[in-house]
Amino acid sequence: MGKYDETIRQYLAQRGVDRLNIKAALIDMDGVLYDSMRNHTIAWKMMFDNLGLNTDRDEFYLYEGMTGRATIQLIYKRELGIDLSDEEAQEMYKIKTANFRSLPRVEAMPGAYDMLTALRDKGVERVLVTGSGQADVINRIDQEYAGLFAADRRITAADVKHGKPNPEPYIKGQQLAGVAPEQAIVIENAPLGVQAGNASGSFTIAITTGPIPRQRLVDSGAHAVFESMPQFAAELPELIDALNTTTI
Ligand code: CA
């Protein structure tokens with residue numbers, strides 16, 4: 001019996017299916033493909049400091065996955081009791097994206113390239129699923145991860161109405177790949193993203209690539225948690241085999 005059998009059986013029982021056939025991986029961007037979360041939290045804090053609104057930099061790790069406008073609406077409501085419209089919040093999001101661009105360039109996440117090639121070698125299609133509208137990072141996908149994401153296999157902020165934790169981004173990813181929830185895995189690093197992945201029905205994998213503790217990802221609904229991207233990349237072939245062969 002392999003080490004993933006128990007967690008896979010629990011998932012099968014929860015979904016009411018007796019086996020899986022993984023065809024697609026729905027992959028988050030910030031904190032998974034790019035070591036970008038620290039810069040995002042700094043950019044948010046800069047923006048709200050300049051507006052005279054009180055925030056804690058670390059709180060932005062917890063909002064990771066929400067759309068930018070939803071984060072702005074949350075802080076305005078909390079700090080000023082003001083309900084900003086989607087249009088107003090979207091306009092303000094430009095300040096945050098400009099702050100982010102002013103910071104040192106973010107690096108590709110160590111191990112992420114190996115993770116993507118391991119998926120490709122197992123015949124698993126890669127679909128990008130991000131709540132980000134940060135074009136400067138999205139546009140780098142074709143350089144650092146050349147050939148690993150087809151141009152028509154990307155869900156970004158422009159494609160979704162509801163950000164994570166709403167399952168919409170991952171459901172759209174499943175639809176884009178033409179697969180059922182049980183034919184996809186979700187690869188995430190943040191609690192709200194894990195919640196979205198779990199709610200979409202797909203087997204949801206979390207990797208701790210930032211300060212969020214493992215237990216928080218388990219509590220958010222992760223079916224499996226890995227300690228680092230290189231560790232996940234190394235164990236991925238065995239995990240995919242286990243997902244495709246384990247039965248109730
Ligand atoms: Ca993320």
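Everything below is about the structure printed above this text.
Below: a short report on this structure.

### Section: the overall build of the chain
So, point 1. When helices and strands are tallied, the chain shows 12 helices and six strands.
So, point 2. In terms of overall size, the chain behaves like a compact globule, its C-alpha atoms giving a radius of gyration of 18 Å where 248 residues would be expected to give roughly 18 Å.
So, point 3. Projected onto its principal axes, the C-alpha coordinates of the chain cover approximately 55 × 35 × 30 Å.
So, point 4. Counting only residues that meet the buried cut, the chain has 55% of its 248 residues in that class.
So, point 5. Sequence separation of 24 or more characterises 68% of the internal contacts of the chain that already satisfy a separation of 6 or more.
So, point 6. Put simply, the chain shows about 10,600 Å² of open surface, and 49% of that area lies on carbon and sulfur atoms.

### As for the environment of A118
So, point 1. Structurally, the position occupied by A118 is in helix 6 (residues 112-121).
So, point 2. Taking the C-alpha atoms as reference points, A118 and L236, 118 residues apart in sequence, are found 6.9 Å from one another.

### Section: the environment of A25
So, point 1. Looking at the element boundaries, A25 is found in strand 1 (residues 24-27).
So, point 2. Along the backbone, A25 and F149 are 124 residues apart, and their C-alpha atoms lie at a distance of 11 Å.
So, point 3. Discounting residues that sit within four places of it in the chain, A25 has contacts with L119, V124, E125, R126, V127, I185 and I187.

### Some words on the pairing of strand 4 (residues 184-188)
So, point 1. Counting buried positions along strand 4 yields five of five residues, so the element is predominantly enclosed.
So, point 2. Neither face of strand 4 is exposed, since A184, V186 and E188 on one face and I185 and I187 on the opposite face are all buried.
So, point 3. Bridge analysis of strand 1 against strand 4 gives four bridges, and the strand direction is parallel. What sits directly across from A24, in strand 4, is A184.
So, point 4. As paired elements, strand 4 and strand 5 (residues 203-207) share four bridges and run parallel to each other. Among the inter-strand pairings, V186 is bridged to a residue of strand 5, identified as T204.
So, point 5. With respect to chirality, the unit in which strand 4 leads through helix 10 (residues 191-200) into the neighbouring parallel strand 5 is right-handed.

### Observations concerning the packing of aromatic side chains
To describe a pair of aromatic rings, you give the distance between the ring centres and the angle between the ring planes.
So, point 1. Summed over all chains, the structure comprises nine aromatic pairs.
So, point 2. Ring centres of Y34 and Y145 lie 5.7 Å apart, and the angle between their planes is 75 degrees; this geometry places the pair in the edge-to-face category. Here Y34, found in the loop between strand 1 and helix 2 (37-50), pairs with Y145, found in the loop between helix 8 (141-144) and strand 3 (154-155); they are 111 residues apart in sequence, far enough to count as distant.
So, point 3. Here F48 and F60 contribute two aromatic rings whose centre-to-centre distance is 5.9 Å and whose plane-to-plane angle is 5 degrees, an arrangement assigned as stacked. With F48 in helix 2 and F60 in helix 3 (residues 59-62), this pair connects stretches of sequence that are 12 residues apart.
So, point 4. With a relative accessible area of 0%, F48 lands in the buried category.
So, point 5. Counting every residue linked through ring pairs, the aromatic cluster contains W44, F48, F60, Y63 and Y93.

### Examining helix 5 (residues 86-102)
So, point 1. With 17 residues, helix 5 should reach 24 Å at 1.5 Å per residue; the first-to-last C-alpha distance of 25 Å fits that figure.
So, point 2. Every buried residue belonging to helix 5 is among A89, M92, Y93, K96, T97, N99 and F100, and all of these are buried.

Criteria and cut-off values
Residues numbered from 1 in each chain as written. Predicted model: local features only at pLDDT ≥ 70, side-chain atom pairs only at ≥ 80, totals over all residues. Heavy atoms only, no water. Helix = DSSP H or I, 4+ residues; strand = E, 2+ residues; numbered from the N terminus. Rg over C-alpha atoms; globule rule 2.2 N^0.38 Å. Buried < 20%, exposed > 50% of the residue type's maximum accessible area, 1.4 Å probe, protein only. Contact = heavy atoms within 4.5 Å. Areas by Shrake-Rupley, 256 points an atom, 1.4 Å probe, with all protein chains shown as cover. Pairing = 2+ DSSP bridges. Right-handed = clockwise from strand over helix to strand, strands pointing away. Phe/Tyr/Trp six-rings, centres within 6.5 Å; stacked < 30°, edge-to-face > 60°. Expected span 1.5 Å × (residues − 1).

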